[in-house]
Each structure stands twice: as C-alpha cells, then as structure tokens.
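Here are the chains, one letter per residue:
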Amino acid sequence: MTRVCRTEQIPCEGTFCFNHNDRPHFLLRNHSGVFCYVNACPHNRVRLDWTENNLLDAEKLFIQCASHGALFEMDTGRCVFGPCQGQYLQSVPCTIHEGWIEI
Ligand code: FES
C-alpha cells in the first residue's frame, strides 16, 4: 500500500492530484467516501484538468474534462456526457487507514 495524503487534505467535494508509478492520478472526496482514478480520459488518455486539483464541474456534482466539458460520475467514473459517453475512468482501489488514504 502507498500512503497518498491525509483525509483532511481533501475538502469534501474536492480533489487531490498526485503521481503514482509515473502516471497522474487523483483522489476525490464526497459524501459517499473517497475514490481514486487515473487522471486520463478514456477516449484519448489526456489529463482531465487544466489546473491541478480542479477536476469537478461548477456544481461539484461530476468530474469534468476541462478540454471538452465531458462529465463523469464521481462514484463510478462513468462518462455520462461527452465524447467518451458510456466509458469509464480507470478506478484505483483506495482505503483509509489511521487517517491516511492509501492505494
Ligand atoms: S479528453 Fe476525453 S472528454 Fe476530454
């Protein structure tokens, strides 16, 4: 397991970007829990964010691709709007242990 950050480092409905095995990843925290995804769009593998740690839409209801406005469900990573509709972000298992988020 790899410790990524403390849970309190991510605001509720917030994201936290980091690199793991030379690939960009991000953590997302919402009322359902904490989720981890590879930061790469399923349709062309580019990062979803323009500015680091800013991966959500204005209403903080979906993960949003900054290039195309595509929307992904926070809890599943499924694209519900945009060029990769029906595809999924690559999910990475994560757990919380003694206040640390680990993958
Ligand atoms: S890079 Fe795929 S929706 Fe933007």
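Refer to the preceding data block for the structure.
Numbers given to residues run from 1 along each chain, matching the order in which its sequence is written. Predicted model: local features are reported for residues with pLDDT of at least 70 only, side-chain atom pairs are reported and counted for 80 or more only, and whole-chain, interface and lining totals are derived from all residues. Water and hydrogen atoms play no part in the side-chain values, which are based on all heavy atoms of the structure.

A word on the state of the cysteines
Under the convention used in this document: Count a disulfide wherever a pair of cysteine sulfur atoms falls within 2.5 Å.
One pass over the structure, following the stated rule, counts zero disulfides. Not engaged in a disulfide, the cysteine C12 finds its nearest cysteine sulfur in C5; these two sulfurs lie 14 Å apart.

Let's talk about the sheet that holds strand β7 (residues 79-81)
As a reminder, the rule being used: A pair of strands counts as paired when DSSP detects no fewer than two bridges linking them. Helix and strand definitions follow DSSP, with helices as H or I runs of at least four residues and strands as E runs of at least two, each counted in order from the N terminus. Axis definition: a line fitted to C-alpha atoms, over the contacting stretch in the case of helices. Angles run 0 to 180 degrees between N-to-C directions.
Here we have three strands laid out as an open sheet, ordered β5-β6-β7, and antiparallel in their pairing. Since the sheet does not close on itself, it has two edges, and those belong to β5 (62-64) and β7, each with one partner. Averaged over neighbouring strand pairs, the angle between their axes works out to 40 degrees when direction is ignored. The sheet contact formed by strand β6 (residues 71-73) and β7 spans two bridges and is antiparallel. In the strand pairing of β7, F72 is matched with C79.

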